[in-house]
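Examination of the molecular architecture
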Amino acid sequence: MYLSTIGRREHAAQGKLSAVGANVFALGAVSLVTDVSSEMVTAILPVYLVLGLHLSPAAYGLVDGLYTGATALLRIVGGYGADRVRRRKAVAGVGYALSAVAKLGLLAAGASAAAIGAVITLDRTGKGLRTAPRDALITLSAPEPLLGLAFGVHRAMDSVGAFAGPLVALAVLAAVGTADPEAFDAVFVVSFCVAAIGVLLLVLFVRDRRTPRSDPKAVSPRAAAALLRGSGVRRLLVAACVLGLATVGDGFVYLLLQHKEDIATGWFPLLAVGTNLSYLLLAAPLGALADRIGRLPVVLGGYGALAVVYLLLAGPASGWLLIAAALALYGAFYAATDGVLMALAGPLLPESLRTTGISLVQTVQALAYFASSVLFGLAWQFWGPELAIGVAAGGAVVAIGVTFAVLSPRKAAA
């Protein structure tokens, strides 16, 4: 009987994965390859800017905020355009292509902070264009009761690439030699080649999900603005803003670990590997858990893990146990929040404006993240890293309480 029960559970799990749809797996493959490329750069960018180009924490905070938030408003333009022309795959493809070209731009930027900022803006322009259409395609390619699992599967595949990217960067740096001035350039070239493969996979294997053509008024600036009149969407936007303000960014977390433990530059990319390994292992299970117990508790649990990470960085603990715990919890934070928040948003939005609505949520969160990154960089420079991250931990706890109050089931029912 026990064996037959296991068999039924395995069959049910396989059935759920099949129900998620081939398009979700194709999008996951594109994200996997693209994340190998992007995480190669992301893994070395903090140490490249702070230790290589000697940017101050405040200057790095500005660049880090720019990396996520500067092109946030373009997400709405891309999302609305994708809904308007009903070609979400094409808009996403332009975004992936821009990000690929930006990798070569880092070669030309040299040591100029202004040029690096411009290239990062181009790269984030690509991300801003592609993210909402891609997530809208996921919501249109999987049944609504399985959206948490669908996003979990996609994010798990995405995190495979994020896990591999820093390892590839580490291998390139080891092959060229970290003392060689051209070591970082080699990483940028390899990153571009990998990104180009991701664009090719999108063109060949991802199918567009074009919603039926409806009344032109259904996709119009007035209809898009009308989304804000829905109380559910407004509450979600408030929560996204609060949660974005509570997030200081990967680069700062890794720089704090490097500062606390005096980690050698050559090993710095492995910090992202630890986070992404945890993300990879937990994304699909936590997505499925969110479908079963509710998406809000899982999101709040993720931000609870983030608060613990900040407390660990602010506290007196040290050593490899601290590093392992911080990276595992940081990966759990991403697994519980990244895709689950989009799965929470999907059912609140009409299909005709699904991409626009998702891009609106992402834009609010990205703008809040931009502000958070700049403020944290200033706090680090003027207060010191320990006090700055301690304040961030308190902010994360406050954000959890505010988000629960705004998105609680009672509020939703009202």
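In the block above lies the structure referred to throughout.
Now for a look at the structure at hand. (Residues numbered from 1 in each chain as written. Predicted model: local features only at pLDDT ≥ 70, side-chain atom pairs only at ≥ 80, totals over all residues. Heavy atoms only, no water.)

Attention now moves to the pattern of salt bridges. As enumerated under the stated definition, the model contains 6 salt bridges in all. The partner of R134 in a salt bridge is D135, with the nearest N and O atoms 3.1 Å apart. We classify D135 as buried; its relative accessible area is 0%. Between E144 and R295 there is a salt bridge whose closest N-O contact spans 3.5 Å. (Salt bridge = Lys/Arg side-chain N within 4 Å of Asp/Glu carboxyl O. Buried < 20%, exposed > 50% of the residue type's maximum accessible area, 1.4 Å probe, protein only.)

This part takes up a nonpolar patch on the surface. On the surface, a cluster of nonpolar side chains totalling about 650 Å² of accessible area is made up of L375, L378, F382, W383, L387 and V391. Every element with two or more residues in the nonpolar patch is listed here: α15 (354-383) and α16 (385-407). It is α15 that contributes the most residues to the nonpolar patch, 4 residues altogether. Within the secondary structure, V391 sits in helix α16. (Patch = residues over 30% accessible without salt bridge, like charges linked within 9 Å, V, L, I, M, F, W, Y side chains within 5 Å. Areas by Shrake-Rupley, 256 points an atom, 1.4 Å probe, with all protein chains shown as cover. Helix = DSSP H or I, 4+ residues; strand = E, 2+ residues; numbered from the N terminus.)

Put simply, the second largest pocket is a space of about 240 Å³. Lining the second largest pocket are 13 residues, with L245, V248, S372, V391 and A392 sitting closest to its centre. Every element with two or more residues in the lining of the second largest pocket is listed here: α10 (231-245), α15 and α16. Top element by residues in the lining of the second largest pocket is α15. It accounts for 5 residues. (1 Å grid on protein atoms, 1.4 Å probe; cavity = no way out; pocket = protein on both sides within 12 Å on 5 of 7 lines; lining within 4 Å. Points joined across faces, edges and corners; volume = space filled by probe spheres on them.)

Let's shift gears to the packing of helix α7 (residues 147-176) against helix α12 (residues 269-293). Axis separation between α7 and α12 bottoms out at 7 Å; the angle between their running directions is 170 degrees. If you check the angle between α7 and α12, you find them roughly antiparallel. (Axes fitted to C-alpha atoms, helices over the stretch in contact; angles between N-to-C directions. Parallel < 35°, antiparallel > 145°, perpendicular 65-115°, else oblique.)

All right, on to the packing of helix α11 (residues 250-261) against α15 then. Two elements in contact, α11 and α15, have axes separated by 10 Å at closest approach and are oriented at 25 degrees. Relative to α15, the element α11 lies roughly parallel. Along its contact with α11, which presents D250, F252, L255 and L256, the element α15 presents Y369, S373, F376, G377 and W380. Looking at the contact of α11 with α15 residue by residue, the class counts come to 6 nonpolar, 2 polar and 1 charged. (Contact = heavy atoms within 4.5 Å. Nonpolar A, V, L, I, M, F, W, Y, C, P; charged D, E, K, R; others polar.)

Quick look at the packing of aromatic side chains now. In total, this model carries 9 aromatic pairs according to the counting rule given. Aromatic side chains Y279 and Y334 sit 6.1 Å apart centroid to centroid with 25 degrees between the ring planes, which places their arrangement in the stacked category. With a gap of 55 residues between them, Y279 in helix α12 and Y334 in helix α14 (residues 320-345) connect regions that are remote in the sequence. Assigned by exposure class, Y279 and Y334 land together as buried. The structure contains a cluster of three or more aromatic residues connected by ring pairs, namely Y254, Y279, Y303, Y330, F333 and Y334. (Phe/Tyr/Trp six-rings, centres within 6.5 Å; stacked < 30°, edge-to-face > 60°.)

The next point concerns the nonpolar core. As a rule of thumb, nonpolar side chains are buried together in soluble globular proteins. Counting 74 residues, the largest nonpolar core has Y310 and F376 as its most contacted members. Broken down by element, this core gets its largest block of residues, 11 residues, from helix α2 (residues 22-52). Filtering out sequence-adjacent residues up to four positions away, Y310 remains in contact with A246, T247, V248, V253, I389, A392, A393 and A396. Counting residues in hydrophobic clusters, the runner-up holds 41 residues, among them V30, A132, M342 and I358. (Core = buried A, V, L, I, M, F, W, Y, C linked by side-chain atoms within 4.5 Å.)

Another aspect to go through is the environment of P143. Tracing the chain through its elements places P143 in the loop between α6 (113-141) and α7. Between the C-alpha atom of P143 and that of V20, which follows or precedes it by 123 residues, the distance is 7.0 Å.

So, about α15. In an α-helix there are 3.6 residues to a turn, and that puts residues three or four apart on one side. Taking 1.5 Å of rise per residue, 30 residues should cover 44 Å, and α15 covers 42 Å from first to last C-alpha, within 8% of that figure. Looking one or two residues past α15, G384 carries a phi angle of roughly 95 degrees, positive in sign. (Expected span 1.5 Å × (residues − 1).)

Okay, the side chain of R134 next. For R134, the location among the structural elements is in helix α6. Discounting chain neighbours no more than four positions away, the residues touching R134 are L27, S31, Y96, H154 and R155.

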